[in-house]
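As a plain string of letters, each chain reads:
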Amino acid sequence: MFHALRFLVSAALLALPVACASSGKTPAATAPPPAYDAALAERLGADDLGMRSYVLAILKTGPQDAAITDKDQRADLFAGHFSNMGRLAEDGKLVLAGPLGGEDGRRGLFILNTADIATAQEWVASDPTIEAGIFTVDYSKYYGSAALMQVNEVHAKIQKKGIGE
């Protein structure tokens, strides 16, 4: 039964182009949806699916996290960490960042505005918490919505307080 059904579906799909060709009609090109904004899609680097490539960086507990116990030193390192994230965001390099729950040592994430892992590594290497060994970083290519490129712009409009206030 399944094989017969599969055969019928395959035959119907194969016959469709022949039917269109014999009728003299070509299938109409799919028009973009009415809400489609070509200029916005181009500005955000979107492909036809509204997607683009990024690098995902997962910050994990590093080898020096437990060893650096001085509260003032940790406060300075984390102030530098947040400052570095702010600089990367202002430069258009950091698209999204946030803490994770700590499961399996995963402490935070960055989504970076590059498809190249080596470039992402260069940008993230300047983070004082990574330089100090509080965090290590795992990198992966990520393909997601180009709308993520607007997160920082929108966040600035809804953020009432800065980190640490």
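Residues numbered from 1 in each chain as written. Predicted model: local features only at pLDDT ≥ 70, side-chain atom pairs only at ≥ 80, totals over all residues. Heavy atoms only, no water.

**Student:** I tried to follow the pairing of strand β2 (residues 94-99) on my own but got confused; where do I start?
**Tutor:** As a general feature of sheets, a regular strand has side chains that alternate between the two faces. Judged from the five bridges that link them, β2 and strand β3 (residues 106-112) form a sheet pairing that is antiparallel. Bridge pairing in β3 links Leu94 to Leu112. (Pairing = 2+ DSSP bridges. Helix = DSSP H or I, 4+ residues; strand = E, 2+ residues; numbered from the N terminus.)

**Student:** When you look at the sheet that holds β2 in this model, what are you seeing that I'm missing?
**Tutor:** Think of a sheet as strands paired side by side through backbone hydrogen bonds, with each pair either parallel or antiparallel. Strands sit in the order β2-β3-β1-β4 across an open sheet of four strands; the sheet is antiparallel. A single partner strand is all that each edge strand has here, and the edge strands are β2 and β4 (135-145). The sheet shows a mean angle of 20° between the axes of neighbouring strands, direction not considered. Sheet topology places strand β1 (residues 51-61) next to β4; eleven bridges connect them, and they run antiparallel. Across the sheet, residue Val55 finds its bridge partner in β4, namely Lys141. (Axes fitted to C-alpha atoms, helices over the stretch in contact; angles between N-to-C directions.)

**Student:** Would you mind going over the confidence of the model for the chain with me for this structure?
**Tutor:** A low pLDDT score tells you not to read the predicted coordinates there in detail. On average, residues of the chain carry a pLDDT of 86, and 81% of them reach 70 or more. Residue range residues 1-23 is modelled with pLDDT below 50. Its contacts to residues more than four positions away, or to other chains, number two contacts. (pLDDT = per-residue confidence, 0-100. Contact = heavy atoms within 4.5 Å.)

**Student:** In this structure, what is going on with the environment of Gly108? I would like to understand it.
**Tutor:** As for its position among the elements, Gly108 is in strand β3. Residue class for Gly108 comes out buried when judged on its relative accessible area of 7%. Distance in space between the C-alpha atoms of Gly108 and Val137 is 9.3 Å, their sequence separation being 29 residues. Leaving out residues up to four positions away in the same chain, Gly108 has contacts with Ala57, Ile58, Leu59, Gly98, Pro99 and Leu100. (Buried < 20%, exposed > 50% of the residue type's maximum accessible area, 1.4 Å probe, protein only.)

**Student:** Sorry if this is basic, but what is going on with the packing of aromatic side chains here?
**Tutor:** Two descriptors summarise a pair of aromatic rings, namely the distance from one centre to the other and the angle between the planes of the rings. A complete count under the given rule lists two aromatic pairs for this structure. For the ring pair Phe78 and Phe135, a centre distance of 5.8 Å and an interplane angle of 85° mean the geometry is edge-to-face. You can see Phe78 sitting in helix α3 (residues 71-90) and its partner Phe135 sitting in strand β4, a full 57 residues away along the chain. According to the relative accessible area criterion, Phe135 is buried, its value standing at 6%. (Phe/Tyr/Trp six-rings, centres within 6.5 Å; stacked < 30°, edge-to-face > 60°.)

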